[in-house]
Amino acid sequence: MIQRVILSRFSLITTIASNVLMIGLMFFNNPPVCIRIFLGVIWGATVLASLFYMPMSIEADKTAIYINRSLKVKAIPMHDVASVRICPPTMGAIRICGSGGFFGYWGWFKERDLGKYFAYYGRSSDCFLVELKDGRKYMLGCKNPQKMVEYINGNLKKY
(Lines give C-alpha, C1' and ligand atoms only; values in the text may rest on other atoms or scores of the structure.)
Protein backbone atom coordinates (compact mmCIF):
# COMPACT_ATOMS: atom_id res chain seq x y z
CA MET A 1 0.00 0.00 0.00
CA ILE A 2 1.29 3.44 -0.90
CA GLN A 3 -0.14 6.85 0.04
CA ARG A 4 1.10 10.27 -1.07
CA VAL A 5 2.09 13.01 1.36
CA ILE A 6 0.13 16.21 0.78
CA LEU A 7 1.69 19.47 1.94
CA SER A 8 -0.41 21.95 3.91
CA ARG A 9 -1.14 25.41 2.49
CA PHE A 10 1.21 26.93 5.07
CA SER A 11 3.99 24.58 4.00
CA LEU A 12 3.47 25.33 0.30
CA ILE A 13 3.42 29.10 0.89
CA THR A 14 6.49 28.92 3.17
CA THR A 15 8.45 26.85 0.66
CA ILE A 16 7.61 29.02 -2.35
CA ALA A 17 8.05 32.35 -0.53
CA SER A 18 11.39 31.33 1.03
CA ASN A 19 12.82 30.17 -2.29
CA VAL A 20 11.63 33.27 -4.15
CA LEU A 21 13.04 35.51 -1.39
CA MET A 22 16.43 33.80 -1.41
CA ILE A 23 16.72 33.92 -5.20
CA GLY A 24 15.58 37.54 -5.13
CA LEU A 25 18.27 38.43 -2.59
CA MET A 26 20.93 36.96 -4.86
CA PHE A 27 20.01 39.37 -7.65
CA PHE A 28 18.40 42.37 -5.91
CA ASN A 29 20.34 45.60 -6.35
CA ASN A 30 23.18 43.81 -8.18
CA PRO A 31 25.26 42.60 -5.18
CA PRO A 32 28.94 41.70 -5.63
CA VAL A 33 29.71 38.27 -7.05
CA CYS A 34 31.08 36.99 -3.72
CA ILE A 35 27.74 37.83 -2.01
CA ARG A 36 25.81 36.07 -4.79
CA ILE A 37 27.99 32.99 -4.45
CA PHE A 38 27.65 33.01 -0.65
CA LEU A 39 23.84 33.32 -0.84
CA GLY A 40 23.70 30.68 -3.58
CA VAL A 41 25.69 28.21 -1.48
CA ILE A 42 23.43 28.81 1.55
CA TRP A 43 20.28 28.47 -0.57
CA GLY A 44 21.60 25.34 -2.31
CA ALA A 45 22.61 23.66 0.96
CA THR A 46 19.24 24.44 2.52
CA VAL A 47 17.29 23.10 -0.45
CA LEU A 48 19.50 20.00 -0.70
CA ALA A 49 19.04 19.20 3.00
CA SER A 50 15.31 19.78 2.67
CA LEU A 51 15.03 17.53 -0.36
CA PHE A 52 16.96 14.82 1.49
CA TYR A 53 14.31 14.74 4.26
CA MET A 54 11.13 15.93 2.50
CA PRO A 55 8.53 13.13 2.60
CA MET A 56 6.88 12.33 -0.75
CA SER A 57 4.89 9.21 0.16
CA ILE A 58 4.49 6.52 2.80
CA GLU A 59 4.50 2.92 1.68
CA ALA A 60 4.00 -0.30 3.61
CA ASP A 61 4.22 -3.97 2.80
CA LYS A 62 4.49 -7.16 4.85
CA THR A 63 8.15 -6.54 5.71
CA ALA A 64 8.55 -2.79 6.32
CA ILE A 65 7.20 0.76 6.35
CA TYR A 66 8.93 2.91 3.76
CA ILE A 67 9.24 6.68 3.95
CA ASN A 68 9.82 7.73 0.34
CA ARG A 69 11.76 10.98 0.51
CA SER A 70 12.88 13.08 -2.43
CA LEU A 71 16.47 11.79 -2.48
CA LYS A 72 16.39 8.66 -0.31
CA VAL A 73 14.05 5.98 1.03
CA LYS A 74 13.98 5.17 4.76
CA ALA A 75 12.79 1.71 5.75
CA ILE A 76 11.41 0.76 9.17
CA PRO A 77 11.30 -3.06 9.45
CA MET A 78 7.91 -4.39 10.55
CA HIS A 79 9.50 -6.64 13.19
CA ASP A 80 10.84 -3.50 14.96
CA VAL A 81 7.40 -1.84 15.21
CA ALA A 82 5.63 -2.06 18.57
CA SER A 83 2.47 -0.07 17.73
CA VAL A 84 0.86 2.24 15.20
CA ARG A 85 -2.00 4.64 15.91
CA ILE A 86 -3.63 7.79 14.58
CA CYS A 87 -2.07 10.68 16.50
CA PRO A 88 -1.91 14.19 15.05
CA PRO A 89 0.76 16.43 16.60
CA THR A 90 -0.43 19.16 18.94
CA MET A 91 0.17 22.90 18.72
CA GLY A 92 2.51 22.48 21.69
CA ALA A 93 5.07 20.50 19.67
CA ILE A 94 8.53 22.00 19.98
CA ARG A 95 10.83 21.70 16.96
CA ILE A 96 14.26 20.62 18.17
CA CYS A 97 15.95 20.41 14.77
CA GLY A 98 14.22 20.27 11.42
CA SER A 99 11.61 22.02 9.34
CA GLY A 100 8.37 23.54 10.52
CA GLY A 101 6.91 23.87 7.03
CA PHE A 102 9.80 24.39 4.59
CA PHE A 103 9.38 21.44 2.18
CA GLY A 104 7.00 19.82 4.67
CA TYR A 105 7.44 19.00 8.33
CA TRP A 106 10.45 16.85 9.11
CA GLY A 107 13.04 16.53 11.84
CA TRP A 108 13.13 16.11 15.61
CA PHE A 109 10.15 17.37 17.58
CA LYS A 110 9.18 17.11 21.24
CA GLU A 111 5.77 17.11 22.91
CA ARG A 112 4.79 16.84 26.54
CA ASP A 113 2.55 13.78 26.01
CA LEU A 114 4.54 11.93 23.35
CA GLY A 115 8.12 12.81 24.19
CA LYS A 116 10.70 13.10 21.41
CA TYR A 117 9.95 11.83 17.90
CA PHE A 118 11.17 12.21 14.32
CA ALA A 119 8.54 13.56 11.94
CA TYR A 120 7.89 13.13 8.22
CA TYR A 121 4.56 14.68 7.20
CA GLY A 122 2.89 17.36 5.12
CA ARG A 123 -0.30 18.14 7.08
CA SER A 124 -0.82 17.58 10.79
CA SER A 125 -4.36 16.28 10.21
CA ASP A 126 -2.94 13.31 8.25
CA CYS A 127 -0.57 11.99 10.94
CA PHE A 128 -0.08 8.70 12.71
CA LEU A 129 2.51 7.63 15.26
CA VAL A 130 4.79 4.62 14.79
CA GLU A 131 6.41 3.44 18.02
CA LEU A 132 9.33 1.03 17.81
CA LYS A 133 10.23 -1.67 20.32
CA ASP A 134 13.44 0.18 21.22
CA GLY A 135 11.47 3.33 22.21
CA ARG A 136 12.03 5.43 19.10
CA LYS A 137 9.00 7.18 17.63
CA TYR A 138 8.12 8.40 14.16
CA MET A 139 5.29 10.78 13.32
CA LEU A 140 4.31 9.99 9.74
CA GLY A 141 1.64 11.52 7.57
CA CYS A 142 -0.02 10.59 4.30
CA LYS A 143 -3.21 11.14 2.33
CA ASN A 144 -5.29 8.39 3.95
CA PRO A 145 -3.77 7.72 7.37
CA GLN A 146 -6.62 5.55 8.71
CA LYS A 147 -6.24 3.02 5.89
CA MET A 148 -2.46 3.01 6.31
CA VAL A 149 -2.72 2.40 10.08
CA GLU A 150 -5.21 -0.45 9.53
CA TYR A 151 -2.94 -2.01 6.91
CA ILE A 152 0.17 -1.77 9.11
CA ASN A 153 -1.65 -3.09 12.18
CA GLY A 154 -2.91 -6.02 10.09
CA ASN A 155 0.68 -6.88 9.18
CA LEU A 156 1.95 -6.38 12.75
CA LYS A 157 -0.11 -9.34 13.99
CA LYS A 158 2.25 -11.63 12.08
CA TYR A 159 5.22 -10.54 14.21
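Predicted model only: the values in this text are computed from it and were never measured.

Draft legend 1. Layout of the pattern of salt bridges. Here the structure, examined in full by the defined rule, presents three salt bridges. Between Arg85 and Glu131 there is a salt bridge, with the nearest N and O atoms lying 3.7 Å from each other. Residue Arg85 is located in strand β5 (residues 81-86), and its partner Glu131 is located in strand β9 (residues 127-132); the two are separated by 46 residues in the primary sequence. Judged by relative accessible area, which is 37%, Arg85 ranks as partly exposed. Across the pair Arg123 and Asp126 runs a salt bridge whose closest N-O atoms are separated by 2.9 Å.

Draft legend 2. Highlighting unusual backbone geometry. Of note in the backbone geometry, Phe103 takes a positive phi value of approximately 60° without being a glycine. Mapped onto the secondary structure, Phe103 falls in the loop between β6 (94-101) and β7 (104-111).

Draft legend 3. Structural detail: the side chain of Asp126. Looking at the secondary structure, you find Asp126 in the loop between β8 (115-121) and β9. Given a relative accessible area of 7%, Asp126 falls into the buried group. In contact with Asp126, not counting residues within four places along its chain, are Leu140, Gly141, Cys142, Lys143 and Pro145.

Draft legend 4. Structural detail: the layout of surface pockets. Considering only enclosed or pocket space, the largest pocket measures out at about 190 Å³ in volume. Around the largest pocket, the lining residues are Pro89, Thr90, Met91, Ala93, Arg95, Gly100, Tyr105, Phe109, Tyr121 and Ser124. At the level of elements, β6 and β7 are the ones that each hand at least two residues to the lining of the largest pocket. Taken together, the residues of the lining of the largest pocket break down into six nonpolar, three polar and one charged.

Draft legend 5. Layout of the sheet that holds strand β4 (residues 73-77). Spatially, four strands are ordered β1-β2-β3-β4 in an open sheet, and the strand pairing comes out antiparallel. Among the strands making up the open sheet, the edge pair consists of β1 (2-4) and β4. The average angle at which neighbouring strand axes cross in this sheet is 15°, direction not considered. Here five bridges tie strand β3 (residues 64-69) to β4, and the two strands are oriented antiparallel to one another.

Parameters at a glance
- Residues numbered from 1 in each chain as written.
- Predicted model: local features only at pLDDT ≥ 70, side-chain atom pairs only at ≥ 80, totals over all residues.
- Heavy atoms only, no water.
- Salt bridge = Lys/Arg side-chain N within 4 Å of Asp/Glu carboxyl O.
- Helix = DSSP H or I, 4+ residues; strand = E, 2+ residues; numbered from the N terminus.
- Buried < 20%, exposed > 50% of the residue type's maximum accessible area, 1.4 Å probe, protein only.
- Contact = heavy atoms within 4.5 Å.
- 1 Å grid on protein atoms, 1.4 Å probe; cavity = no way out; pocket = protein on both sides within 12 Å on 5 of 7 lines; lining within 4 Å.
- Points joined across faces, edges and corners; volume = space filled by probe spheres on them.
- Nonpolar A, V, L, I, M, F, W, Y, C, P; charged D, E, K, R; others polar.
- Pairing = 2+ DSSP bridges.
- Axes fitted to C-alpha atoms, helices over the stretch in contact; angles between N-to-C directions.

Nothing here speaks to function; it is all geometry.
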